[in-house]
Amino acid sequence: MGFTSTTVKYVLFFFNFFIALCGATICGISIYVWKQDKAQFSDITKQDLTTPCIILAIAGALVFLVAFLGCCGAIQESSCMMILYAIILLALIFLEAAVIGLTYWKKNELENTLSNKMADAFANYNSSPPNYKSSIDEMQKDLKCCGTTGPSYWHSGVVPDSCLDSSSQSASKYYQTGCIDAFKNFIQQNIKTIINVALGIGIAEIIGVIFGLYYASHIRRYSERGYA
């Protein structure tokens, strides 16, 4: 093959190597968010982010495997592998687009549902089982928040020690942000991170489909002419 096809071959290889890393990244981020949610908040909300996180983790793993297929197809100069790679990649693009759309569409509903359940959990803080109180205390420490709306939420005047802000230089020694707002920010930041990574991968995948089909056509054309 000529210089152009050789260039495309190695561009595809390194491109797919990069995509494989991106797939591993989105898989890792999804698992991290799921672990964080399970560890810190599921006792409070009685609902977690398991489903979207697992879907995205599986999608990330599939991206990794497909990118690996692309690397192998490029190095071995196999038109069949490259066509299969392009078809699977195209299917993944539609799958990821659907997941991103569903996640974004359900974001506000998820936030409101979790916020309502969190408000109920805080309302029963003093009468809650130890694991609930512990989860609320951990949330206040980790998210640097206090009550559902701020320190004033604790009407009894007894503010939990988990609200203490050791780094505060102001007159107030407590975190000023309410946990509902802090939790919404936590969800938004993590969803935004996942969506941005997924969008970046999606754009790269479209480029991969174009290059893959071009290279497969190039391999087949040279093979038919007896040059490969």
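Residues numbered from 1 in each chain as written. Predicted model: local features only at pLDDT ≥ 70, side-chain atom pairs only at ≥ 80, totals over all residues. Heavy atoms only, no water.

> Sorry, what's going on with the overall build of the chain here?
Assigned secondary structure in the chain consists of six helices and zero strands. The order of helices and strands in the chain, counted from the N terminus, is α-α-α-α-α-α. Expressed as a percentage of the 228 residues in the chain, the buried residues total 44%. Considering only intrachain contacts with a sequence separation of at least 6, the fraction spanning at least 24 residues in the chain is 74%. For the chain, the exposed surface amounts to about 12200 Å²; the carbon and sulfur share of it is 63%. (Helix = DSSP H or I, 4+ residues; strand = E, 2+ residues; numbered from the N terminus. Buried < 20%, exposed > 50% of the residue type's maximum accessible area, 1.4 Å probe, protein only. Contact = heavy atoms within 4.5 Å. Areas by Shrake-Rupley, 256 points an atom, 1.4 Å probe, with all protein chains shown as cover.)

> What should I look at first to understand the nonpolar core in this one?
Within soluble globular proteins, side chains that are nonpolar tend to cluster in buried spots. Core analysis: the largest hydrophobic core is formed by 55 residues, its most contacted members being Phe-122, Met-139, Trp-154 and Phe-183. Mapped by element, the contributors of at least two residues to this core are helix H1 (3-40), helix H3 (50-76), helix H4 (79-123), helix H5 (130-142) and helix H6 (179-225). For this core, the element with the most residues is H6, which contributes 16 residues. With sequence-adjacent residues up to four places away left out, Trp-154 is seen in contact with Phe-122, Tyr-125, Gln-140, Cys-146, Gly-147, Val-159, Pro-160 and Cys-163. (Core = buried A, V, L, I, M, F, W, Y, C linked by side-chain atoms within 4.5 Å.)

> Help me understand unusual backbone geometry in this model?
Generally, phi is negative for residues other than glycine and the peptide bonds are trans, each holding for most cases. A positive phi angle, near 55°, is found at Glu-77, a position not held by glycine. In this fold, Glu-77 is placed in the loop between H3 and H4.

> Help me out: how do you make sense of empty space enclosed by the protein in this one?
In this approach the atoms are scanned with a rolling probe the size of a water molecule, which exposes any empty space left behind. Enumeration according to the criterion identifies one cavity of 30 Å³ or more in this entry. Its volume calculated, the largest cavity comes out at about 30 Å³. If you trace the largest cavity, you find it lined by Ile-26, Leu-56, Ala-59, Val-63, Glu-96, Ala-198 and Ile-201. Of all the secondary-structure elements, those providing two or more residues to the lining of the largest cavity are H3 and H6. Top element by residues in the lining of the largest cavity is H3. It accounts for three residues. (1 Å grid on protein atoms, 1.4 Å probe; cavity = no way out; pocket = protein on both sides within 12 Å on 5 of 7 lines; lining within 4 Å. Points joined across faces, edges and corners; volume = space filled by probe spheres on them.)

> Any chance you could explain the state of the cysteines here in plain terms?
Between two cysteines, a covalent bond joining their sulfur atoms is known as a disulfide. Counted under the stated rule, the structure contains two disulfides. Each sulfur of the disulfide joining Cys-145 and Cys-179 lies 2.1 Å from the other. On the sign convention where negative is left-handed, the bridge of Cys-145 and Cys-179, at about 90° about the S-S bond, is right-handed. Highlighted residues: Cys-145 in the loop between H5 and H6 and Cys-179 in helix H6, separated in sequence by 34 residues. Both residues of the pair, Cys-145 and Cys-179, belong to the buried class. Here Cys-146 engages in a disulfide with Cys-163; their sulfurs sit 2.2 Å apart. (Disulfide = S-S within 2.5 Å.)

> Please clarify how the packing of aromatic side chains should be interpreted in this entry.
Given two aromatic rings, their pairing is described by the distance between the two centres and the angle made by the two planes. Following the criterion strictly, the structure yields five aromatic pairs and no others. Centroid distance Phe-13 to Phe-14: 5.2 Å. Interplanar angle 80°. Geometry classified as edge-to-face. The partly exposed category is assigned to Phe-13, whose relative accessible area is 24%. Residues Phe-183 and Phe-186 carry aromatic rings whose centres are separated by 6.0 Å and whose planes lie at 15° to one another, so their mutual orientation is stacked. Within this pair, Phe-183 and its partner Phe-186 are both found in helix H6, separated by three residues, close to a single helical turn. Across the pair, exposure class does not vary: Phe-183 and Phe-186 are buried alike. These aromatic residues form a ring-pair network of at least three members: Phe-122, Tyr-153 and Trp-154. (Phe/Tyr/Trp six-rings, centres within 6.5 Å; stacked < 30°, edge-to-face > 60°.)

> Would you mind showing me how to read H4 here?
At 3.6 residues per turn, the α-helix brings residues three or four places apart onto the same side. An ideal rise of 1.5 Å per residue puts 66 Å on 45 residues; H4 measures up with 63 Å between its terminal C-alpha atoms. Along H4, the largest kink reaches about 45° and is centred on Lys-107. (Expected span 1.5 Å × (residues − 1). Bend = angle between axes of the 7 residues up to and from the residue.)

> Could you clarify how one ought to interpret a nonpolar patch on the surface in this entry?
A contiguous nonpolar surface patch, about 510 Å² in accessible area, is contributed by Val-11, Ile-203, Ile-206, Ile-207, Ile-210 and Phe-211. With five residues, the top contributor of residues to the nonpolar patch is H6. Mapping Ile-206 onto the fold places it in helix H6. (Patch = residues over 30% accessible without salt bridge, like charges linked within 9 Å, V, L, I, M, F, W, Y side chains within 5 Å. Salt bridge = Lys/Arg side-chain N within 4 Å of Asp/Glu carboxyl O.)

The values reported here are purely geometric and, on their own, carry no functional implication.
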